[in-house]
Every structure is written in structure tokens, then in C-alpha cells.
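So you can see what is in the structure, the chains are spelled out below.
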Amino acid sequence: MFTDADFRKSDRSGDFGCVEAAITHHTPDTIGLRDSVHPRQTVLGFPPAEWTAFTAGLDEL
């Protein structure tokens, strides 16, 4: 599902492990999230509303 996705890592992440997120035209209703250290392993999928709630929570940290 996310094999051709352009995953992006946050500008705020350091040189250590981080997560990367992607949205593709194949899955416009799902945001993919993967481990940057192990990019070939499982990609988690989130609906846009959950992704928005997650990122809003990060802003509160």
C-alpha cells in the first residue's frame, strides 16, 4: 500500500530513530507512519482525523 510513498521525517527530529509519515494518491484517506530506523517493517495506517488529533497533541508537549 505504501511501497511507492514518499515518507518524510520531521525537521525537528535528530539523528536518532524517529518516525516518518506519508500520504499517497493510492491511499488519500490513510496516513502511513513507519520507523525511520527500520523503514521496511510494518507501516501503521491512520485516518486523517486520528492523525490530526495526534499531531495536535504533540503541539501541547
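Up top is the structure these notes are about.
All of these numbers come straight from a predicted model, not from anything done at the bench.

Relative to the elements of secondary structure, Arg34 occurs in strand 3 (residues 31–35). Polar contacts involving the side chain of Arg34 include one to the side chain of Glu20, which spans 2.7 Å. With residues up to four places along the chain from it excluded, the contact list for Arg34 reads Phe7, Cys18, Val19, Glu20, Pro39, Thr42 and Val43.

Going through the model one piece at a time under the given rule, you end up with two salt bridges. For Asp6, the salt bridge identified is with Arg8, shortest N-O distance 2.9 Å. Asp6 gets classed as partly exposed once you look at its relative accessible area, which sits at 48%. Here Glu20 makes a salt bridge to Arg34, at a shortest N to O gap of 2.7 Å. Placement of Glu20 in strand 2 (residues 19–22) and of Arg34 in strand 3 is noted, with a sequence separation of 14 residues between them. The two residues Glu20 and Arg34 agree in class, both being buried.

Turning next to the pairing of strand 2. Across two bridges, strand 1 (residues 8–9) lies against strand 2 in antiparallel orientation. Looking at strand 2, one finds that Arg8 is bridged to Ala21. Direction of pairing for strand 2 relative to strand 3: antiparallel, over a ladder of four bridges. From the neighbouring strand, Glu20 faces strand 3, where its bridge partner is Arg34.

A few words now on the packing of aromatic side chains. Working definition: an aromatic ring pair is given by the centre-to-centre distance plus the angle between the planes. Per the counting criterion, the structure on display carries two aromatic pairs. Ring geometry for Phe2 and Phe7: centres 6.0 Å apart, planes at 55 degrees, overall tilted. Residues Phe2 and Phe7 agree in their burial class; the two are buried. When the centroid spacing of 5.5 Å and the interplanar angle of 40 degrees are considered together, the rings of Trp51 and Phe54 count as tilted. Linking Trp51 with Phe54, this pair stays in helix 1 (residues 48–59), spanning three residues, or about one helical turn. Against the face of Phe7 rests Arg34, its NZ or CZ located 3.9 Å from the ring centre.

Scoring rules and cut-offs
- In this numbering scheme, every chain counts its residues from 1 along its sequence in written order.
- Thresholds applied to this predicted model are a pLDDT of at least 70 for local features of residues and 80 or more for the giving and counting of side-chain atom pairs; totals over whole chains, interfaces and linings are not thresholded and use all residues.
- Side-chain descriptors were evaluated using all non-hydrogen atoms of the structure, hydrogens and water having been removed beforehand.
- A run of DSSP states H or I qualifies as a helix once it reaches four residues; a run of E qualifies as a strand once it reaches two. Both are numbered from the N-terminal end.
- A 3.5 Å cut-off defines polar contacts: any pair of N or O atoms within that distance qualifies, except that in protein one atom must be a possible hydrogen donor and the other a possible acceptor, and neighbouring residues in sequence count only when both atoms are side-chain atoms.
- The contact definition used throughout considers only heavy atoms, calling two residues in contact when any of these lie within 4.5 Å.
- We count a salt bridge whenever a side-chain nitrogen from Lys or Arg sits within 4 Å of a carboxyl oxygen from Asp or Glu.
- Three labels apply to residues, based on accessible area from a 1.4 Å probe with only protein chains included: buried if under 20% of the type maximum, exposed if over 50%, partly exposed otherwise in between.
- At least two bridges found by DSSP between two strands is the condition for calling them paired.
- For Phe, Tyr and Trp, rings pair up if their centres lie within 6.5 Å, where Trp contributes its six-membered ring, and each pair is then called stacked (planes under 30 degrees apart), edge-to-face (over 60) or tilted (otherwise).
- Any Lys NZ or Arg CZ found within 6 Å of a ring centre and within 35 degrees of that ring's normal is scored as a charge over the ring.

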